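Structural overview
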Amino acid sequence: MILFLALCFFGVAIGGFTAFVIFWPLSLVHLRDRHPAVRARFGENAFVQPAALRWLLGGAYYEVPDRQFTGLATPARISLMVILGALTASAVLWLWSIAP
C-alpha cells in the first residue's frame, strides 16, 4: 500500500510537471515581450536557471506590475510547488517502504 501511494504521488508530480511546462514558458515569453529588463536578469535559458526558479518559487514575480504576467506565473509557481511536494512525499514513502 505504501508503494502504491508513492506511485500516486509520483503521478501527481508528473501532472505538476505538465502544468509547469505549459505555464512557465508562457510566463517567460510574456516577460521577454513586455518586461525585457526583468527577463534580462535571468540570462539565456531561463527555463532551467536556478535563479529564475528561485525567483518564481519565492513569489518575487509579484514585483512586476502586470496582472497578465502574474496570471501566468501563479499557476507555474503552484505547479512547481506541487512537483517538489509530490516528489518529496513519494521519496519519503519509498524510503519508508524499504525500511526494515
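Moving on to the overall build of the chain. Counting its regular elements, the chain contains 4 helices and 0 strands. Tracing the chain from N to C terminus, the helices and strands come up as α-α-α-α. A globule of 100 residues ought to have a C-alpha radius of gyration of about 13 Å, yet the chain, at 16 Å, is considerably larger. Seen along its three principal axes, the alpha-carbon backbone of the chain occupies a region of about 55 × 20 × 20 Å. Among the 100 residues that make up the chain, the fraction classed as buried is 31%. Sequence-distant contacts in the chain: of pairs separated by 6 or more residues, those separated by 24 or more amount to 60%. Split by element, the accessible area of the chain, about 6,200 Å² in all, is 72% carbon and sulfur. Here the chain contributes 7 positively and 4 negatively charged side chains, and the mean placements of these two sets differ by 5 Å.

Next up on the list: the pattern of salt bridges. All told, the structure shown has 2 salt bridges when counted by the stated rule. Here Asp33 makes a salt bridge to Arg32, at a shortest N to O gap of 3.2 Å. Residue Glu63 is joined to Arg41 by a salt bridge in which the shortest nitrogen-to-oxygen separation is 2.4 Å. Of this pair, Glu63 sits in the loop between helix H3 (50-57) and helix H4 (67-98) while Arg41 sits in the loop between helix H2 (36-40) and H3, placing them 22 residues apart in sequence. Judged by relative accessible area, Glu63 falls into the partly exposed class, the value being 47%. For Arg41, a relative accessible area of 48% gives the class partly exposed.

Parameters at a glance
Residues numbered from 1 in each chain as written. Predicted model: local features only at pLDDT ≥ 70, side-chain atom pairs only at ≥ 80, totals over all residues. Heavy atoms only, no water. Helix = DSSP H or I, 4+ residues; strand = E, 2+ residues; numbered from the N terminus. Rg over C-alpha atoms; globule rule 2.2 N^0.38 Å. Buried < 20%, exposed > 50% of the residue type's maximum accessible area, 1.4 Å probe, protein only. Contact = heavy atoms within 4.5 Å. Areas by Shrake-Rupley, 256 points an atom, 1.4 Å probe, with all protein chains shown as cover. Lys, Arg positive; Asp, Glu negative; His and termini not counted. Charge placed at Lys NZ, Arg CZ, Asp CG, Glu CD. Salt bridge = Lys/Arg side-chain N within 4 Å of Asp/Glu carboxyl O.

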